[in-house]
Amino acid sequence: GACTRLLFEFTVCLALAASYVLLPFREAESFKEQGNAYYAKKDYNEAYNYYTKAIDTCPNNASYYGNRAATLMMLGRFREALGDAQQSVRLDDSFVRGHLREGKCHLSLGNAMAASRCFQRVLELDHKNTQAQQELKNASTVLEYEKIAEVDFEKRDFRKVVFCMDRALEFAPACHRFKILKAECLALLGRYPEAQSVASDILRMDSTNADALYVRGLCLYYEDCIEKAVQFFIQALRMAPDHEKACLACRNAKALKAKKEDGNKAFKEGNYKLAYELYTEALGIDPNNIKTNAKLYCNRGTVNSKLRKLEEAIDDCTNAVKLDETYIKAYLRRAQCYMDTEQYEDAVRDYEKVYQTEKTKEHKQLLKNAQVELKKSKRKDYYKILGVDKNASEDEIKKAYRKRALMHHPDRHSGASAEVQKEEEKKFKEVGEAFTILSDPKKKARYDSGQDLEEDGLNMGDFDANNIFKAFFGGPGGFSFEGRWKCPSISFEMYVNHLTGQLSLPEEMCCLRRVFDFST
């Protein structure tokens, strides 16, 4: 009887012990089943809650961790999912789906090497596993894009780096490193809104991410918001004191700001030579800072225009608009330099560009002025023909006519070739034509204002230069210059050369009171 009682008591104890083990397991299984049901409905948050209850009830079950890892992956929480997947294979190294999920998490986070090791482990356990075979190829593809991007970044082929990172992110959507590299290249390409968007997305998830802070600062720096940029660089360095790129960018930003401000100060003080040197030094600090460098080129162009180095000023403004095609100030500065150097077609082109962008009264007037000057430039330049300045006095115009008329009169070239005679006759006519216009105040005013003289009834095609010459020198028609020359001490040719500055004769050698004898 005693033995039977002892056996009964032992059996009861075993049953109680089994119940303590089986009851939690059954409860955990119930939680798992409910989690599976929510997972099937794509209610991943509820599925996560029930898988967590299963783990809390029975913490040594590999499948529970595996299921929760799968749920976290669907929620995009790959780093947490990685921890669960790793725990699942620690509990059961033969858990194939656990290794697959660990590999997928590594790949999604951009660690293609670790992912490859996980997929290779799956193939050791199940060499026919097609999912592992495909994921291993995906990991190799990501590694290849990484290598290409690294080489292209060194070559400064930023567009190709962006392309490679976009392809890699298709397999590694949670990789901050790839996103940061893409954002940095977008900033270097001048695609600042896109770069800022990528960096901001990362900062929403991790406000202490030094790389994302650096990229935000870089965008501001390249948009010429240097003070704000410096704040982001400093914040990045607080998070990561050894961040080399943030350190270099911060140093460049401060140096660029200081040089530009010093150049502006020198310009305002009228020290144009120093301003030129400072702007040039600033341009050497960072060739990647397009917007700031565009302003520096324009500023240096303004300095060159003040120094009357107009061609250099044009070159600087051209460099400015190459960097920033929307930079109105540079177009205006270059257009003025074109006007000052009488390159009116180029000036009109720049003013048209400005007016198309900003239709103001001022820009319209500048364009109109340039168009008038262009029209004037296409006519004969009577001032140039006479060799006088546009502000020449009446006496200066007469003296110039006298000199040029004598220089080009056909009689003086009667012994020359037919070709030379024809050219000199043409020049003689142009000289007379120029004198006719510039010696008459009303005609001169109309000419200076750009009016069409032929529309005003001045038909220069019927113009007779000989009549102007006779009227000027006071003699009748039908004469030969040399035939009327009465000074025995020098020849007619020598005297003309004396008048035109090609020969200097003592005054006593000829009578300067009367050049020609026009008597019959």
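Structure first, text after, so check above.
The paragraphs below set out a description of the structure included in this document. For clarity, every value in this text was computed on a predicted model and none was experimentally measured.

With that out of the way, let us pick up the packing of aromatic side chains. According to the stated counting rule, one finds twelve aromatic pairs in the structure shown. Seen from their ring centres, Y39 and Y44 are 5.3 Å apart, and the 70° between their planes marks the pair as edge-to-face. Taking the relative accessible area as the measure of exposure, Y44 reaches 14% and is therefore buried. When the ring of Y221 is compared with that of Y222, the centres are 5.2 Å apart and the planes differ by 35°; the resulting orientation is tilted. For the pair formed by Y221 and Y222, the shared burial category is buried. Joined through ring pairs, the aromatic side chains of Y192, Y214, Y221, Y222 and F233 make up one cluster. Positioned above the aromatic ring of Y355 is the side chain of K359, whose terminal nitrogen or guanidinium carbon lies 5.6 Å from the ring centre.

Attention now moves to the packing of helix α7 (residues 130–154) against helix α9 (residues 176–188). Packing of α7 against α9 leaves a shortest axis separation of 13 Å and a crossing angle of 30°. Our classification of the angle between α7 and α9 gives roughly parallel. Two packed elements cross with a definite hand, and for α7 against α9 that hand is left-handed. Residues V142, E146, A149 and F153 of α7 form the contact with α9, whose participating residues are R177, F178, L181, E184, C185 and L188. Across the contact of α7 with α9, the residue classes break down as seven nonpolar, no polar and three charged.

Moving on to the pattern of salt bridges. If the charged atoms of two oppositely charged side chains come close together, the side chains can form a pair. This structure, assessed with the given rule, holds 26 salt bridges. D350 serves as the salt-bridge partner of R334, at 2.7 Å between the closest nitrogen and oxygen. Remark: D350 occurs in helix α18 (residues 344–357) and R334 occurs in helix α17 (residues 328–340); sequence separation between them is 16 residues. In terms of burial, R334 and D350 fall into one category: buried. The closest approach of N and O atoms between E394 and K398, which form a salt bridge, is 3.7 Å. You can see E394 and its partner K398 sitting in helix α21 (residues 394–408), four residues apart, about one turn around the helix.

For the rest of this paragraph, the subject is helix α3 (residues 62–74). If you check α3, its first and last C-alpha atoms are 19 Å apart, about what 13 residues at 1.5 Å a residue would give, namely 18 Å. For α3, the buried fraction is high: eleven of the 13 residues fall into the buried class. Within the sequence span of α3, burial applies to A62, Y64, Y65, G66, N67, R68, A69, A70, T71, L72 and M73. Among the residues trailing α3, G76 stands out with phi positive, at a value near 80°.

Parameters and conventions
- Residues numbered from 1 in each chain as written.
- Predicted model: local features only at pLDDT ≥ 70, side-chain atom pairs only at ≥ 80, totals over all residues.
- Heavy atoms only, no water.
- Phe/Tyr/Trp six-rings, centres within 6.5 Å; stacked < 30°, edge-to-face > 60°.
- Buried < 20%, exposed > 50% of the residue type's maximum accessible area, 1.4 Å probe, protein only.
- Lys NZ or Arg CZ within 6 Å of the ring centre and 35° of its normal.
- Axes fitted to C-alpha atoms, helices over the stretch in contact; angles between N-to-C directions.
- Helix = DSSP H or I, 4+ residues; strand = E, 2+ residues; numbered from the N terminus.
- Parallel < 35°, antiparallel > 145°, perpendicular 65-115°, else oblique.
- Left-handed = near helix turned anticlockwise from the far one by under 90°.
- Contact = heavy atoms within 4.5 Å.
- Nonpolar A, V, L, I, M, F, W, Y, C, P; charged D, E, K, R; others polar.
- Salt bridge = Lys/Arg side-chain N within 4 Å of Asp/Glu carboxyl O.
- Expected span 1.5 Å × (residues − 1).

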